[in-house]
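Coordinates in review
Take a look at the letters that make up each chain.
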There are 2 protein chains.
Amino acid sequence: MAVPTTREQCAALDAVDPLAPLRKEFTLPVEGIYLDGNSLGVLPVRTPEVVRRTVEQEWGQGLITSWNAAGWTELPHTLGAGIAPLIGAGDGEVLVCDGVSINLFKILTAAMRMRPGRHTVLGERDTFPTDLYIAEGVTGLFEGARSVLLDSLDDLDAHLDEGVAAVVLSHVDYRTGVLLDMAGITERVHRAGALMIWDLCHSAGALPIDLTACEVDFAVGCTYKYLNAGPCAPGFLYAATRHHDAVRQPLTGWFGHAEPFAFRPEYQAAQGITRFMTSFPPLLALAGLRATLEIWEQVDLDQVRAKSLALTELFMARLADLEIVTPREPERRGSQVAIRYPDGFPVVQALIERGVIGDFRAPDLMRFGFTPLYTSYTDAWDAAEALREVLASGEWRAERFHRRGAVT
Amino acid sequence: MAVPTTREQCAALDAVDPLAPLRKEFTLPVEGIYLDGNSLGVLPVRTPEVVRRTVEQEWGQGLITSWNAAGWTELPHTLGAGIAPLIGAGDGEVLVCDGVSINLFKILTAAMRMRPGRHTVLGERDTFPTDLYIAEGVTGLFEGARSVLLDSLDDLDAHLDEGVAAVVLSHVDYRTGVLLDMAGITERVHRAGALMIWDLCHSAGALPIDLTACEVDFAVGCTYKYLNAGPCAPGFLYAATRHHDAVRQPLTGWFGHAEPFAFRPEYQAAQGITRFMTSFPPLLALAGLRATLEIWEQVDLDQVRAKSLALTELFMARLADLEIVTPREPERRGSQVAIRYPDGFPVVQALIERGVIGDFRAPDLMRFGFTPLYTSYTDAWDAAEALREVLASGEWRAERFHRRGAVT
């Protein structure tokens, strides 16, 4: 498919876009173009009603009977089952609970225990920092253990020795949008006898993932970016069935107990993925995930991927004179475009004033996320034009754009 | 105050109850009497609107700008400040995040590190099990450490030797409703050089607490029982200011970093209580806490305590021929009444059919929680009468009441 060179061509693509009907499922900002769905996904139209029902009926009227009558008890598993097809997981391999950091803590501690005698956790220096901080937190609990950060993945094989217990990598880099070769890297890590843990925050819902085919050991991900479950909604974790029996994780809350309602003083881990449970996620927050997964049931991820690549390709083509750090090769690109620009912060603020919402990641990257369920080709075109105009006019030099503010 | 001996006397007490006006703040079940607010508090009338605003305006329209514009960023601290007066905490000593189990994990790990050379965590065998399981999870991470469970608090002093790092106790027992002497026990624990951690799940919002006066080191609590923040809403933790600098906890997520938005690869703990943050709590769940704390601002906890004691005294007086395990002495009683009855499970189910909602805790306790903000004297009277009738009629023997069901 040729990259559009006019806005009319974009409109023509929108007219035949198989995902276009889904746009009406989302509440978009009244004005402007939202290119920050990779930070916080927009509100699905059906969500307020699902949340209202959860609050007024399930909590307000059902009270404790809703544990069974409204299916609360099963939600970490049933919602996990709703996420499973998006990431290529099998039955009973996905659990919704806690957040990315805590889920990674559980998995990484279990992984260290599954590889006694190995003391290194390998990560990449540019990974989203919370993963690195958690690796530091976990290795700090094991005598002699340490977290080693690679400056570049080119150094991976050189570091993959018999001391490595686990490798933690982001499937798509939060800043550059670089997509890693999940199958190839997982295989190299396995060859060294280590466990592979993928962070799917920037790929779940953005592109097809096949954890089973890639023989991934563990994964974590969030639901509030491409999946649109709501701000800071509970995360998910994946654990391959073959590892379930070996998992011993230390956040041994009562919902991970084999018989939580027997109220016994000694802990006994539940079977299967349930042993990763600690406490129960907030029901109001789960309501957001319940609502959005009704939409995801209807989505063909191959269509999402095709459109995502077309949108990012279009955006990059229109801004080819800038320093784009996102790879041009489709197989190395997630669903966002990052542009290096030392004055990126005020430029992004000026763009926001024009209604184009992207974000800035220190020290020098402007970041634009493309969410094919609700971003159109004309959106991508218009956003690129707006950025060209902001840069050409120099309007970003105005003092008001230089004040630090939004957590984006 | 004499215990009422007629329903008319109860109605008279309701007529002059200073807390009675607050009952209209809560959505009660259409029919019946809810005595399970110690499991899941009822829905405040104002909550649906606060949640709707959070969903539709802050998320739906504000999107990422709500981090600042709607004050999201500060919520773990501002909501913590709203809880502080309920538990006698000072400025910057309460943080809202995660749940009880995870917060206890953070605190207990920090406590172990604050008492190097001490290897025991003391608990009570009858404490709510998740606290015991977490103590097991934490001690499993420290070479030579162990969790020791006392059969009775009478054994506390005998076990308080120089090997004890920390003691974890429930302020009010979840089954029996026994209220412990926070000041006296904390002092004894301190005399042994150990740290004292209180679980406030069954006392926060049920009675006045003064963590500062009792010189408590750390505490955890939930917000979904007496505080009415919604099912499985985020918990809170308390850390005395004198300990903040010494805290090193291993759930080192990015929101606990000194500069989370600098995205540095190395972890550096934030100052103050912020270093207990891991990830950010779900905003939809925090909305429930925002709403209910508006009510708690108006509440006089001394009035709550006086009414709570009167309600439980009334209920026990009407059922004096049963085996009540809750202490009759006010200073040893929380805000619930537990009755030992081997067939308690079907009896509670039969009561629920009559519209009186209590719960059952294995192996043999019927549990009735009294929440003075929305439970009246006539409610307590009617509930006791209903229980007398269920027992006198033997209706609980019907087969339908013996099926296991609700998670209560």
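Position labels on residues start from 1 in each chain and follow its written sequence. The naming scheme follows written order: chains are lettered A onward, ligands numbered 1 onward. Reporting of local features is limited, given that this is a predicted model, to residues whose pLDDT is at least 70; pairs of side-chain atoms are given and counted only at 80 or more, and all residues count toward the totals for whole chains, interfaces and linings. Side-chain descriptors were evaluated using all non-hydrogen atoms of the structure, hydrogens and water having been removed beforehand.

This part covers the pattern of salt bridges. All names here are of chain B. Every case where a carboxyl oxygen of Asp or Glu lies within 4 Å of a side-chain nitrogen of Lys or Arg is listed as a salt bridge. Under the counting rule described, the total for this entry stands at 56 salt bridges over all chains. Across the pair E294 and R46 runs a salt bridge whose closest N-O atoms are separated by 2.7 Å. Note that E294 is positioned in helix 9 (residues 283-296) and R46 in the loop between strand 3 (43-44) and helix 2 (47-62), a separation of 248 residues in sequence. Owing to a relative accessible area of 30%, E294 belongs among the partly exposed residues under this scheme. Among the salt bridges present, the one from R264 reaches E259, with a minimum N-O distance of 2.4 Å. Judged by relative accessible area, R264 falls into the partly exposed class, the value being 33%. Burial classes follow relative accessibility: with a 1.4 Å probe on protein chains only, a residue under 20% of its type's maximum area counts as buried, one over 50% as exposed, and anything between as partly exposed. For E259, a relative accessible area of 40% translates into the label partly exposed. Numbering of helices and strands starts at the N terminus; helices are DSSP runs of H or I of at least 4 residues and strands are runs of E of at least 2.

Taking 1.5 Å per residue, 15 residues should reach 21 Å; helix 5 (residues 100-114) of chain A reaches 21 Å between its end C-alpha atoms and fits that length. Most of helix 5 of chain A is tucked away, with 15 of its 15 residues classed as buried. Expected helix span is computed as 1.5 Å times (number of residues minus one).

The least-squares superposition of copies is restricted to C-alpha atoms, and to residues with a pLDDT of at least 70 in both copies. Superposing chain B onto chain A takes a rotation of 180 degrees combined with a translation of 0.0 Å along the rotation axis, leaving an RMSD of 0.0 Å. The superposition of one copy onto the other is thereby described by a two-fold rotation axis. Of all interface residues in chain B, 100% are interface residues in chain A too; the two copies therefore contact each other through one and the same surface. Pairs of residues are marked as contacts when any of their non-hydrogen atoms sit within 4.5 Å.

For the rest of this paragraph, the subject is the packing of helix 10 (residues 301-318) of chain B against helix 12 (residues 377-393) of chain B. Residues and elements named next belong to chain B. At a closest axis distance of 9 Å, the pairing of helix 10 and helix 12 adopts a crossing angle of 25 degrees. Considering their axes alone, helix 10 and helix 12 lie roughly parallel with respect to each other. In the crossing of helix 10 with helix 12, the sense of the turn from one axis to the other is right-handed. Between helix 10 and helix 12, the residues in contact are K307, A310, L311, L314, F315 and R318 and Y377, A380, W381, A383, A384, E385, L387 and R388, respectively. For this scheme, ten residues count as nonpolar: Ala, Val, Leu, Ile, Met, Phe, Trp, Tyr, Cys and Pro. Four count as charged, namely Asp, Glu, Lys and Arg, and the remainder, Gly too, count as polar. Here the residues of the contact of helix 10 with helix 12 sort into 10 nonpolar, no polar and 4 charged. To get an axis, a line is fitted to the C-alpha atoms, and for a helix only the part in contact is used. The angle between two axes follows their N-to-C directions and goes from 0 to 180 degrees. Working definition: roughly parallel below 35 degrees, roughly antiparallel above 145 degrees, roughly perpendicular at 65 to 115 degrees, and oblique for all remaining angles. With the far helix as reference, a near helix turned anticlockwise by less than a right angle produces a left-handed crossing, and one turned clockwise produces a right-handed crossing.

Moving on: the UniProt feature "modified residue: N6-(pyridoxal phosphate)lysine" (unreviewed entry) in chain A. Residue and element names in this part refer to chain A. According to UniProt, the positions carrying the feature "modified residue: N6-(pyridoxal phosphate)lysine" (unreviewed entry) are K225. Looking at the secondary structure, you find K225 in the loop between strand 9 (218-221) and strand 10 (236-239). Accessibility expressed as a relative area gives 10% for K225, which makes it buried. Among all residues touching K225, those that are not within four sequence positions of it are G37, N38, S39, G41, C201 and H202. UniProt positions are given in the numbering used here, feature names are shortened, and annotations may be inferred rather than shown by experiment.

Pairing of aromatic rings covers Phe, Tyr and Trp, the last counted by its six-membered ring, and requires centre-to-centre distances within 6.5 Å; plane angles under 30 degrees mean stacked, over 60 mean edge-to-face, and any other angle means tilted. Overall, the coordinates contain 41 aromatic pairs over all chains when judged by the stated rule. When the ring of F315(B) is compared with that of F368(B), the centres are 5.2 Å apart and the planes differ by 55 degrees; the resulting orientation is tilted. Here F315(B), found in helix 10, pairs with F368(B), found in strand 15 (residues 365-369); they are 53 residues apart in sequence, far enough to count as distant. Neither F315(B) nor F368(B) differs from the other in exposure class; each is buried. One aromatic cluster is present, formed by W67(A), W72(A), W254(A), F255(A), F261(A), F263(A), F280(A), F128(B) and Y174(B) through successive ring pairs.

Moving on to the environment of K24(B). Residue and element names in this part refer to chain B. Structurally, K24 can be placed in the loop between helix 1 (7-16) and strand 1 (26-27). For K24, a relative accessible area of 66% corresponds to the exposed category. Taking C-alpha positions, K24 is 8.0 Å from Y374, a pair spaced 350 residues apart along the chain.

What follows covers the layout of surface pockets. Residue and element names in this part refer to chain B. For the largest pocket, the calculated volume is near 400 Å³. Cavity and pocket criteria rest on a 1 Å grid covering protein atoms alone: a 1.4 Å probe that fits but cannot get out defines a cavity, protein on both sides within 12 Å along at least 5 of 7 lines defines an open pocket, and an atom within 4 Å of a point defines a lining residue. Lining the largest pocket are 23 residues, with E124, L153, D173, V178 and L180 positioned closest to its centre. When its residues are assigned to classes, the lining of the largest pocket shows 8 nonpolar, 4 polar and 11 charged. Grid points are joined across faces, edges and corners, and a volume is the space filled by probe spheres set on the points.

For an interface, size is often stated in terms of accessible area lost upon the parts coming together. Taken together, the contact between chain B and chain A spans 82 residues of the former and 82 residues of the latter. Taken over both partners, the interface formed by chain B and chain A buries close to 6800 Å², and the fraction arising from carbon and sulfur atoms is 72%. Where chain B packs against chain A, one counts 2 salt bridges. Across the pair E266(A) and R125(B) runs a salt bridge whose closest N-O atoms are separated by 3.4 Å. Pairs of N or O atoms within 3.5 Å make up the polar contacts considered here, provided that, within protein, one atom can donate a hydrogen while the other can accept it, and that residues adjacent in sequence are counted only when both atoms are side-chain atoms. At the junction of chain B and chain A, the tally comes to 16 residue pairs in polar contact (both at pLDDT 80 or more). At the level of secondary structure, the elements contributing two or more residues to the side of chain B that touches chain A comprise strand 3, helix 2, helix 3 (66-69), helix 5 (100-114), helix 6 (129-139) and helix 9 of chain B. Sorting elements by how many residues they give to the side of chain B that touches chain A places helix 2 of chain B first, with 8 residues. In the side of chain B that touches chain A, the residues fall into 48 nonpolar, 24 polar and 10 charged. When two parts are brought into contact, each loses some accessible area as probed by a 1.4 Å sphere; the total of that loss over both is the buried area.

What follows covers the UniProt feature "binding site: pyridoxal 5'-phosphate" (unreviewed entry) in chain A. UniProt records the feature "binding site: pyridoxal 5'-phosphate" (unreviewed entry) at S101(A), F128(A), P129(A), T130(A), D131(A), D199(A), H202(A), Y224(A) and W254(A), using the numbering of this structure. In terms of the greatest pairwise C-alpha distance, the residues named above, spread along 154 residues, do not form a single cluster, extending to 30.8 Å across. Relative to the helices and strands, F128(A) is located in the loop between strand 5 (120-124) and helix 6 (129-139). For F128(A), a relative accessible area of 15% puts it in the buried group. When residues no more than four places from it in sequence are discounted, the contact partners of F128(A) are S170(A), Y174(A), W254(B) and F263(B). Within the secondary structure, T130(A) sits in helix 6. The class for T130(A) is buried, based on a relative accessible area of 4%. When neighbours within four sequence positions are excluded, T130(A) is seen to be in contact with S101(A), T252(B), G253(B) and W254(B). Looking at T130(A), its side chain comes within polar contact range of the side chain of S101(A), at 2.8 Å.

Residue and element names in this part refer to chain B. For strand 15, the tally of buried residues reaches 5 of 5 residues, placing the bulk of the element in the interior. Burial of the side chains of strand 15 extends over both faces: L365, R367 and G369 are buried on one face and M366 and F368 on the other. A pair of strands is labelled paired if DSSP reports no fewer than 2 bridges between them. With 5 bridges joining them, strand 12 (residues 336-340) and strand 15 adopt antiparallel strand pairing. Residue V337 lies in a different strand from strand 15, and its bridge partner there is F368. For strand 14 (residues 359-361) and strand 15, the ladder comprises 3 bridges, and the chain directions are antiparallel. Note on strand 15: the bridge partner recorded for F360 is M366.

Glancing now at helix 9 of chain B. For helix 9 of chain B, with 14 residues, the first-to-last C-alpha span of 20 Å sits near the 20 Å given by 1.5 Å per residue. Most of helix 9 of chain B is tucked away, with 13 of its 14 residues classed as buried.

Let's shift gears to the sheet that holds strand 5 (residues 120-124) of chain B. Residue and element names in this part refer to chain B. One open sheet holds the 7 strands; their spatial order is 4-10-9-8-7-5-6, and the pairing between them is mixed. Each edge of the open sheet is held by one strand with a lone partner, namely strand 4 (94-96) and strand 6 (146-150). Between one strand axis and the next, the sheet turns through 20 degrees on average, direction left out of account. Note: strand 4 against strand 10 (residues 236-239), 3 bridges, orientation antiparallel. When the bridges of strand 10 are listed, V96 appears paired with F236. Each of strand 5, strand 6, strand 7 (164-170) and strand 8 (195-199) is contacted by helix 6, which is oriented at about 150 degrees to strand 6, the strand it contacts most.

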